Amino acid sequence: MKIQRKLWERLPSGKPVYKYRITNDSGAYVELCNIGAGIVSINVPDSKGKLGDVVLGYRKASDYIGDGPCAGKCPGRYANRIAGGHLQIGGKTYSLPVNNGPNHLHGGPEGFQNQVWDSRKHKGGVEFKYVSEDAEMGYPGRMVVVARYEWSESNELRLTFRARTEELTVVNLTNHVYFNLDGKGSVLRHFLQLNASEYLPTDATLIPEGEPAPVHGTPMDFRRPKTLGRDIRKPFPALEYGKGYDACYVLDSYRPGQIQEAATLWSNRSGRTLKVFTTQPGLQVYTGNWLEGCPEGKRGRKWHDYSAVALECQHFPDSPNKPSYPSTELKPGKTFHEAIIFAFGVK
């Protein structure tokens, strides 16, 4: 395994942005950067053995700061939405910045995804560290977060999160990478299968309304494989609210700390496959419904709506305001520890 680091760009603030490349013996490689502990590219073979990049990303490092899609980065302190920007922790109410309609999204406009993290090569992987100060974006408690990436000889990218806090707080971490297993075109012909019998219905602002609902008999059902585009235009509230899929699925057989298969994505065109594993209870499926107009892509490529799909392993949106959901509280002296694996192959 070979790990290289190079200076990619210096931001106007003077902060250096580094790009890391991890290459395995077959030549397949992953590129990462220290803006938002982000995934910049994943180059894996298709069914004919040709390497290709399967991840949405930008030509310039600076375009990763403040981008709408949150491409490839780790949002926080709380990924996904919190209703009205208000939450209760330990009986106290906290106000967070509203940056998505009436709601708080991905930790706010200066969330983890828009920060330059410390970074290093360490024990065969790459680690990114960010220190979130007390009251940053309204959240209580100074928090230290480490995201570690490892790339295997069998083309598996493993991401592990660890976080510790000095005060009672909440945390929800994921990676917002977007996949297109063909490297171009629409993903609506990609097939998806989910290990999820339920999803979280939402209001029109994509805040969960309460208890999970069965996917059976609805366009939300991916228990058997189907293309992303098969039902995406059907008249159904969850699809109309987001102009496509933007929903949190409740993973079957969730047990804290136990890794399980969450999703399988594949393309008949390239023959590439992706299996997603996680220790987390939910999977947000977002079909890139608002990618039009995002910054210029790698190699000058322009991205359009439905050019890529995000499969975000995470805790449920608005959990701090929903006592029946798995808890996202983190106490001093405890460690938040979650894992995500993206395993690539061919059919």
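**Digging into the sheet that holds strand β4 (residues 38-45)**
Across the sheet, which stays open at both edges, the 5 strands sit in the order β1-β2-β3-β4-β5 with antiparallel pairing between neighbours. Unpaired on one side and paired on the other, β1 (2-10) and β5 (51-53) mark the two borders of the sheet. Direction aside, neighbouring strands of the sheet carry axes that sit 20° apart on average. Bridge count between β1 and strand β2 (residues 16-23): 8 bridges; the pairing is antiparallel.

**Side note on empty space enclosed by the protein**
With the rule as written, the count across this model stands at 3 cavities of 30 Å³ or more. Its boundaries defined by the atoms lining it, the largest cavity holds a volume of some 50 Å³. Around the largest cavity sit Asn80, Arg81, Leu200, Thr202, Leu206, Pro208, Asp246, Ala247, Cys248, Gln284 and Pro317, which together line it. At 3 residues, strand β20 (residues 246-250) tops the list of elements feeding residues into the lining of the largest cavity. Class assignment for the residues of the lining of the largest cavity results in 6 nonpolar, 3 polar and 2 charged. The volume enclosed by the second largest cavity comes to roughly 40 Å³. In terms of lining residues, the second largest cavity is bounded by Tyr199, Leu200, Pro201, Thr202, Leu206, Ala238, Asp246 and Ala247. Of the residues contributing to the lining of the second largest cavity, the split by class is 6 nonpolar, 1 polar and 1 charged.

**Observations regarding the sheet that holds strand β12 (residues 143-151)**
If you trace the 9 strands from one edge of the open sheet to the other, you get β10-β11-β12-β13-β26-β22-β21-β16-β19, paired in antiparallel fashion. The open sheet has two edge strands with one neighbour each: β10 (118-122) and β19 (226-227). Relative to β12, strand β11 (residues 125-132) runs antiparallel, the two being bridged by 7 bridges. Pairing of Val131 across the sheet is with Val144, part of β12.

**Details of the pattern of salt bridges**
Scanning all chains against the criterion turns up 17 salt bridges. With its nearest N and O atoms 2.5 Å apart, the salt bridge here joins Lys298 to Asp53. Remark: Asp53 occurs in strand β5 and Lys298 occurs in the loop between β23 (282-286) and β24 (309-314); sequence separation between them is 245 residues. The pair formed by Lys298 and Asp53 is uniform in burial state, with each residue classed as buried. Of the charged contacts, one joins Glu133 and Arg142 as a salt bridge, the two residues approaching to 3.5 Å between their closest N and O atoms. Sharing partners across several salt bridges, the network here consists of Arg120, Glu127, Arg148 and Glu150.

**Focus on unusual backbone geometry**
As a rule of thumb, non-glycine residues mostly have phi less than zero, and peptide bonds are mostly trans rather than cis. In this structure, Arg77 follows Gly76 across a cis peptide bond, with omega equal to 15°. One can find Arg77 in the loop between β5 and β6 (81-82). Positive phi outside glycine occurs at Asn155, with the angle close to 65°. Along the chain, the position of Asn155 falls in the loop between β12 and β13 (156-165). For Tyr306, which is not glycine, the phi torsion reads 70° and is therefore positive. On the accessibility criterion, Tyr306 (8% relative accessible area) is buried.

**Observations regarding the side chain of Thr279**
Tracing the sequence through the fold places Thr279 in the loop between β22 (272-278) and β23. Setting aside anything within four residues of it in sequence, one finds Thr279 in contact with Tyr254, Arg255, Gly257, Gln258, Ile259, Glu338 and Ala339.

**Side note on the layout of surface pockets**
Taken as a whole, the largest pocket spans an internal volume of roughly 570 Å³. Taken together, 27 residues make up the lining of the largest pocket; nearest its centre are Gly68, Pro69, Asn100, Leu105 and His106. The residue inventory of the lining of the largest pocket, partitioned by class, reads 10 nonpolar, 13 polar and 4 charged.

**Let's talk about the pairing of β22**
The buried fraction of β22 amounts to 5 of the 7 residues, a majority that puts the element mostly inside the structure. As judged from the 6 bridges shared by strand β21 (residues 260-266) and β22, these two strands associate in the antiparallel manner. Bridged to Gln260 within β22 is Thr278. By the bridge criterion, 7 bridges tie β22 to strand β26 (residues 336-346) in an arrangement that is antiparallel.

**Observations concerning the nonpolar core**
Membership of the largest hydrophobic core comes to 68 residues, with the highest contact counts inside it found for Ile42, Met220, Tyr249, Phe342 and Phe344. Apart from the residues within four sequence positions on either side, Met220 is in contact with Tyr199, Val215, Phe236, Ala238, Leu239, Tyr245, Ala247 and Tyr249. Counting 19 residues, the second largest nonpolar core, distinct from the first, contains Val17, Tyr64, Cys294 and Ala310.

Analysis parameters
- Residues numbered from 1 in each chain as written.
- Predicted model: local features only at pLDDT ≥ 70, side-chain atom pairs only at ≥ 80, totals over all residues.
- Heavy atoms only, no water.
- Pairing = 2+ DSSP bridges.
- Helix = DSSP H or I, 4+ residues; strand = E, 2+ residues; numbered from the N terminus.
- Axes fitted to C-alpha atoms, helices over the stretch in contact; angles between N-to-C directions.
- 1 Å grid on protein atoms, 1.4 Å probe; cavity = no way out; pocket = protein on both sides within 12 Å on 5 of 7 lines; lining within 4 Å.
- Points joined across faces, edges and corners; volume = space filled by probe spheres on them.
- Nonpolar A, V, L, I, M, F, W, Y, C, P; charged D, E, K, R; others polar.
- Salt bridge = Lys/Arg side-chain N within 4 Å of Asp/Glu carboxyl O.
- Buried < 20%, exposed > 50% of the residue type's maximum accessible area, 1.4 Å probe, protein only.
- Contact = heavy atoms within 4.5 Å.
- Core = buried A, V, L, I, M, F, W, Y, C linked by side-chain atoms within 4.5 Å.

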